[in-house]
Amino acid sequence: MYQLRIVGGRPLKGDIVISGAKNAALPLMAASLLTGESLTLHNVPRLADILSMVELLTQHGAVVEELASHTLRITAANIDNLVAPYDIVRKMRASIMVLGPLVARYGKAKVSLPGGCVIGTRPVDLHLNGLKALGAEINLNQGYIEAEAPQGLVGATISLPMITVTGTENLMMAACLAKGETRIINAALEPEVVDLANCLIAMGAIIEGAGTNTIVIQGVDELHGAEHTVIPDRIETGSYLVAAAITGSDIRLLNTSLDLLPGVTDRLKQAGLQLEAMDNGIHIHQMQQAFEGVDVMTEPFPGFATDLQAQMMTLMTMANGASMITETVFENRFMHVPELGRMGANITVHGASALVRGTRKLYGAEVMATDIRASVSLVLAALAAEGETIINRIYHLDRGYEALEDKLNACGALIERIQRSDS
């Protein structure tokens, strides 16, 4: 087992290249199951979750080739296994997205109930009810979802009772090969959904309305191969924006855009940070001596992303005044609060809200990560803290952040990965 050792208090300066979006790449990889021809994806990040998806697709019978750095070619011509086993699916919740493509193309699938970060119940019943509306028969048996549609899926109107990104993506993929028209109402608006729709259209799908709350899909008999570039990772972008802000640094983020984070950038500007759009990125620097506390409520896109809540809370621990952080998406997403408290943060949790009183100083400590975004929030706190911080359970970071130590060290941070003394 490894730890991160971080010496804080060092100003950062330089360029950070933002990787492709993990949350876009995973459904795009699953979409390869919709055709027997090759799907080539560029700008795929090198992450543990990507490797898990490669493992899952390979065991289904797909051939995954690395053509170049960050470029994968996936060919699902000879799928010989319609079971997504627990040993792989337990590693990440995105595995559920093979369900829709397999049922749509083969009329049958057996997928383990998913695992991943423990940040809330995140039930899959929205996926299952949507597939039922398309004509699939669904049974839950010994921890597995068993879905069958021997006569194929049939288009329908699906009104989602709450916004779900992976649910929208799963149903959109399934509907591409259904007979007739499917309408997904209350669809997710996230850029990753639009990216998947654009790739599916390049594969021959007929989709309108991606990026709005109603997506209309006309089913086709088959899809073909295509080539597609994954969008930049907006969560990585936001995380490094906070890294620059909390250390009072001057950083340029490349291969990204302010348009990916409207709800987040609005709050950072309100706090007093200067964000400037460049041709291929963002320049951030602090315009005043100290930034101000701002209130944040997480919401679906284009609101403040739940995946950036922990990072923003960390920033607010060093702001002038108090901030109220309210989490409306996941019920267990304050697990980083006790760890930040070990570093001197003053945070009081009241149900779904956390009152953060700015302390202006954090201190290094030994802490433990609980999920992907909590992990990076501790890295951000450590960058600004006085002294040395040791972060345990950093395998979460490897699931969501490509080459984090290298990117930050190149800008002047002091981070090293070390072997635990008791492992």
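Analysis parameters
- Residues numbered from 1 in each chain as written.
- Predicted model: local features only at pLDDT ≥ 70, side-chain atom pairs only at ≥ 80, totals over all residues.
- Heavy atoms only, no water.
- Helix = DSSP H or I, 4+ residues; strand = E, 2+ residues; numbered from the N terminus.
- Rg over C-alpha atoms; globule rule 2.2 N^0.38 Å.
- Buried < 20%, exposed > 50% of the residue type's maximum accessible area, 1.4 Å probe, protein only.
- Contact = heavy atoms within 4.5 Å.
- Areas by Shrake-Rupley, 256 points an atom, 1.4 Å probe, with all protein chains shown as cover.
- Lys, Arg positive; Asp, Glu negative; His and termini not counted.
- Charge placed at Lys NZ, Arg CZ, Asp CG, Glu CD.
- Pairing = 2+ DSSP bridges.
- Salt bridge = Lys/Arg side-chain N within 4 Å of Asp/Glu carboxyl O.
- Core = buried A, V, L, I, M, F, W, Y, C linked by side-chain atoms within 4.5 Å.
- Axes fitted to C-alpha atoms, helices over the stretch in contact; angles between N-to-C directions.
- pLDDT = per-residue confidence, 0-100.
- Phe/Tyr/Trp six-rings, centres within 6.5 Å; stacked < 30°, edge-to-face > 60°.
- Lys NZ or Arg CZ within 6 Å of the ring centre and 35° of its normal.
- Parallel < 35°, antiparallel > 145°, perpendicular 65-115°, else oblique.
- Left-handed = near helix turned anticlockwise from the far one by under 90°.
- Expected span 1.5 Å × (residues − 1).
- Polar contact = N/O pair within 3.5 Å; in protein donor to acceptor, adjacent residues only side chain to side chain.

## Details of the overall build of the chain
- A count of helical and extended segments in the chain gives 14 helices and 24 strands.
- Taking 2.2 N^0.38 as the reference for a compact globule, 423 residues should give roughly 22 Å; the C-alpha atoms of the chain span a radius of gyration of 22 Å, in line with that estimate.
- The C-alpha extent of the chain, read off along each of the three principal axes, is 65 × 45 × 40 Å.
- Looking at the chain residue by residue over its 423 residues, the buried ones come to 57%.
- Pairs at least 24 residues apart make up 74% of the contacts formed inside the chain by residues separated by at least 6 positions.
- Accessible surface computed for the chain: about 16100 Å², of which carbon and sulfur atoms make up 49%.
- Here the chain contributes 31 positive and 45 negative side-chain charges, whose respective centroids are spaced 5 Å apart.

## What to know about the pairing of strand 5 (residues 71-75)
- Across the five residues that make up strand 5, a large majority, four, are buried.
- Of the pairings in the sheet, the one linking strand 3 (residues 38-42) to strand 5 comprises five bridges and is antiparallel in character. Paired with Leu39 across the bridge in strand 5 is Ile74.
- As paired elements, strand 4 (residues 63-68) and strand 5 share five bridges and run antiparallel to each other. The partner of Ala68 across the bridge, within strand 5, is Thr71.
- In textbook terms, the turn of a hairpin is the stretch between consecutive antiparallel strands, and for strand 4 and strand 5 this stretch comprises two residues, one of which, His70, has a positive phi near 70°.

## A closer look at the pattern of salt bridges
- Counted by the stated rule, this structure contains 15 salt bridges.
- Here Asp250 and Lys13 are joined by a salt bridge, their closest N and O atoms 4.0 Å apart. Residue Asp250 is located in strand 15 (residues 250-254), and its partner Lys13 is located in strand 2 (residues 13-17); the two are separated by 237 residues in the primary sequence.
- Under the relative-accessibility criterion, Asp250 is labelled partly exposed at 27%.
- Here the salt bridges share partners, and the residues they tie into one network are Arg5, Glu388 and Glu416.

## Section: the nonpolar core
- Ranked by size, the top nonpolar core spans 77 residues in total, and within it Val98, Leu99, Met172 and Leu200 carry the most contacts.
- Ranked by residues supplied to this core, first place goes to helix 1 (residues 22-31) with seven residues.
- In this structure, Met172 is in contact with Ile184, Val193, Leu196, Ala197, Leu200, Ile207, Ile215 and Ile217, ignoring residues within four places of it in sequence.
- Ile18, Val264, Ile284 and Met313 belong to the second largest nonpolar core, which has 69 residues in total.

## Describing the sheet that holds strand 14 (residues 226-229)
- The sheet built from four strands is open, its strands ordered 4-5-3-14 with mixed pairing. Strand pairing shows two members of the sheet lacking a second neighbour, strand 4 and strand 14, which therefore form its edges. Strand-to-strand twist across the sheet, computed as the mean angle between neighbouring axes with direction ignored, equals 20°.
- Seen against the sheet, helix 1 touches strand 3, strand 5 and strand 14 and runs at an angle of roughly 165° to strand 3.
- Set on the sheet, helix 7 (residues 191-202) makes contact with strand 3 and strand 14; between it and strand 14 the angle comes to about 160°.

## Points about the sheet that holds strand 10 (residues 157-159)
- Sheet architecture is open: four strands sit in the order 10-11-13-12, paired in mixed fashion. Of all the strands in the sheet, just strand 10 and strand 12 (206-208) have a single pairing partner and so form its edges. In this sheet, adjacent strand axes meet at a mean angle of 15° when their direction is disregarded.
- Alignment of strand 12 against strand 13 (residues 214-218), held across three bridges, turns out to be antiparallel. Across the sheet, residue Ile206 finds its bridge partner in strand 13, namely Gln218.
- Helix 6 (residues 165-176) contacts strand 10, strand 11 (181-185), strand 12 and strand 13 of the sheet and is inclined by roughly 25° relative to strand 13.

## Observations concerning the confidence of the model for the chain
- Chain-level pLDDT for the chain is 93 on average; 96% of the residues reach the 70-or-more range.
- Confidence drops under pLDDT 50 across residues 116-122; counting only partners more than four residues distant or on other chains, this segment forms 23 contacts.

## Focus: the packing of aromatic side chains
- Enumeration according to the criterion identifies zero aromatic pairs in this entry.
- Over the ring of Tyr144 we find Lys110, and its NZ or CZ is 5.1 Å from the ring centre.

## Quick look at the packing of helix 1 against helix 7
- Viewed as axis vectors pointing N to C, helix 1 and helix 7 meet at an angle of 30°, and their least axial separation amounts to 9 Å. Classified by the angle between their axes, helix 1 and helix 7 sit roughly parallel to one another. Crossing geometry of helix 1 relative to helix 7 is assigned as right-handed. The residues of helix 7 that touch helix 1, namely those facing Asn23, Ala24, Pro27, Leu28 and Ala31, are Glu192, Asp195, Leu196, Cys199 and Leu200.

## Notes on helix 12 (residues 372-384)
- The first and last C-alpha atoms of helix 12 sit 19 Å apart over 13 residues, in line with the 18 Å expected at 1.5 Å per residue.
- Summarising burial for helix 12: 13 of the 13 residues are buried, a large majority.
- Its side-chain oxygen at 2.9 Å from the backbone nitrogen of Ala374, Asp371 defines the N-terminal cap of helix 12.

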